[in-house]
Amino acid sequence: MLSRSSFTSLVVGVFAVYVAHTCWVMYGIVYTRPCLATAAAGAAGGCVWPYLARRPKLQLSVYTTTRSSIGAESNIDLVLNVEDFDIESKFERTVNVSVPKKTRNNGTLYAYIFLHHAGILPWHDGKQVHIVSPLTTYMVPKPEEINLLTGESATQQIEAEKHTNALDEPISHWRSRLTLNVMVEDFVFDGSSLPADVHRYMKMVQLGKTVHYLPILFIDQLSNRVKDLMVINRSTTELPLTVSYDKISLGKLRFWIHMQDAVYSLQQFGFSEKDADEVKGIFVDTNLYFLALTFFVAAFHLLFDFLAFKNDISFWKKKRSMIGMSTKAVLWRCFSTVVIFLFLLDEQTSLLVLIPAGIGALIELWKVKKALKMTIKWQGLRPKFQFGTYNDSEKKTEEYDAQAMKYLSYLLYPLCIGGAGYSLLNVKYKSWYSWLINSFVNGVYAFGFLFMLPQLFVNYKMKSVAHLPWKAFTYKAFNTFIDDIFAFIITMPTSHRLACFRDDVVFLVYLYQRWLYPVDKSRVNEYGESYEEKTKKKAHRE
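Parameters and conventions
- Along each chain, residue indices are assigned from 1 in the same order as the chain's sequence is written.
- Two thresholds apply to this predicted model, a pLDDT of at least 70 for residue-level local features and 80 or more for giving and counting side-chain atom pairs, whereas whole-chain, interface and lining totals are computed over all residues.
- Excluded from the side-chain calculations are hydrogens and water; all other atoms, namely the structure's heavy atoms, are used.
- UniProt positions are given in the numbering used here, feature names are shortened, and annotations may be inferred rather than shown by experiment.
- Segments assigned H or I by DSSP are reported as helices when at least four residues long, segments assigned E as strands when at least two residues long, and all are numbered from the N terminus.
- The buried label goes to any residue with under 20% of its type's maximum accessible area, the exposed label to any with over 50%, and the partly exposed label to all in between, with areas taken from a 1.4 Å probe on protein chains only.
- Using the Shrake-Rupley algorithm and a 1.4 Å probe, accessible areas are obtained, with residue cover drawn only from the displayed protein chains.
- To pair, rings of Phe, Tyr and Trp, with the six-membered ring standing in for Trp, must have centres within 6.5 Å; the planes then decide the type, stacked if under 30 degrees apart, edge-to-face if over 60, and tilted in the middle.

- As recorded by an unreviewed UniProt entry, the protein chain carries the name Lipid scramblase CLPTM1L and is attributed to Lepidothrix coronata.
- On record in UniProt, under Subcellular location (unreviewed entry), the comment for the protein chain is "Membrane".
- Its UniProt record gives the protein chain the following Sequence similarities (unreviewed entry) comment, quoted word for word: "Belongs to the CLPTM1 family."

Observations concerning the overall build of the protein chain
Then comes step 1: What the protein chain contains, in helices and strands, is 16 helices and 17 strands.
Then comes step 2: A total of 542 residues make up the protein chain; the buried ones form 44% of that total.
Then comes step 3: Total accessible area on the protein chain is roughly 29,500 Å²; 61% of this is exposed by carbon and sulfur atoms.

Topic: unusual backbone geometry
Then comes step 1: A positive phi is found at R55, a non-glycine position, where the angle reads about 55°.
Then comes step 2: When you line up the elements, R55 lands in the loop between β1 (47-50) and β2 (58-65).
Then comes step 3: According to the relative accessible area criterion, R55 is exposed, its value standing at 57%.
Then comes step 4: The backbone phi angle of N106 is positive, close to 65°, even though this residue is not glycine.
Then comes step 5: The class for N106 is partly exposed, based on a relative accessible area of 31%.

Quick word on the packing of aromatic side chains
Then comes step 1: Going through the model one piece at a time under the given rule, you end up with 13 aromatic pairs.
Then comes step 2: For the pair F85 and F91, a centre-to-centre distance of 6.3 Å together with 90° between the ring planes defines the contact as edge-to-face.
Then comes step 3: Classification of F85 as buried rests on a relative accessible area of 7%.
Then comes step 4: With relative accessibility at 15%, the residue F91 sits in the buried group.
Then comes step 5: Aromatic side chains F189 and Y213 sit 5.2 Å apart centroid to centroid with 75° between the ring planes, which places their arrangement in the edge-to-face category. Remark: Y213 occurs in strand β12 (residues 210-213) and F189 occurs in strand β10 (residues 189-190); sequence separation between them is 24 residues.
Then comes step 6: Its relative accessible area of 1% is what places F189 among the buried residues.

Written out as structure tokens, the structure is:
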């Protein structure tokens, strides 16, 4: 059976292999081996040459239609036409798009983007390339927020429109942005080893003895964010569409294709549009180099999360005494963790934040059971709770704990009650439950660090920090600093973001106490034993 140290070493080793494998895969995505044959030997060598190297005059045309496939120019509307299209020049244009009746009745509207020779209609050009993208998506609309006392709504919408669709039914939303890219590198591909990701976007033509690939047209679906969506009402006849274009390199194109496939896979596994949108935000709103750093930081965050959970569980599993431990701090951590989880659930936060919060809440509930020495016995279907007794040393700790909470309550309770009353009068919520959870969580975020004071007070009275789980604290500290980085990357409520920085201050105070109170080998540790007692027992056995 593996010891704890060897198991940790195994986990770290697996993590190192995972990071090395990820680096190799990323290198394979970004770097593509070119075909080194000359133009004369290209036909025999199987090279695929870029058609853009001929510098043709191109035109960009964007059409809309309710059909997912078109065969002619009937039943389509031209919304944008860019003559003398320069693939090197970036642009952004906003156009008004007519919304057909079918789309207004919860239907779909498609955009057909053609890149073709200038002066020739797309369906008459044998060397045109095109791509299709839906301009609509289906989502459950966000519930309207109201003032719970006055009933005043946040928006003055017509009542009939408000209840046209049930809130739990998805309705058609308008994608107000369309981001286009063309791969502009004059890259010569090896026909025998074409990258599978790019191959599906390539269209080949035979020109003489050589094979050419036409311009690679790409739609950046990662830029379609939930915040840009607009509900399509039945009275709406026109909606704005912002069409933006920028060139893209081969390496970034391949990377973007893989990221879009990853987001699509998440949705296939049951992630909602909003959950997938949080992942999109990491890629779109972040610099590419900073994004690479984020991947490594996220990997280390996962490692430290696992090690912190492992050591925390191991610490509390073996714990037999609550000497030096603030029971009220444990209860507060449990309460605050559960409240934060319910708040994130109510706010429909990303699963990237929600799942770790849920696991943490379960662990905190288990800690409370250990701290209160609680046992559960079932009498049929009815549970019976029994609580253990504390010894004299534990009772002394409880006195310090109660003394700290007495002084703390004079400040904490008025602040929390005042904040809840202020938000009820001035802030709009979806329901009374939403107000209750927000009031609790605002108290946790704003004043939750005050509940760390009882433990600090117990440490001060006992002049010791030996009873604390320092291994778990160390891993959590690393994660706290990593959370500071994620606070700027992952979409989350502002109060949750500020709480990440608050935890830094709390941990620094614990570090100061660890330096202030050196190790006393005669003092009882977190397992109810002292170093000297262990030495005596060992000598007695000998």
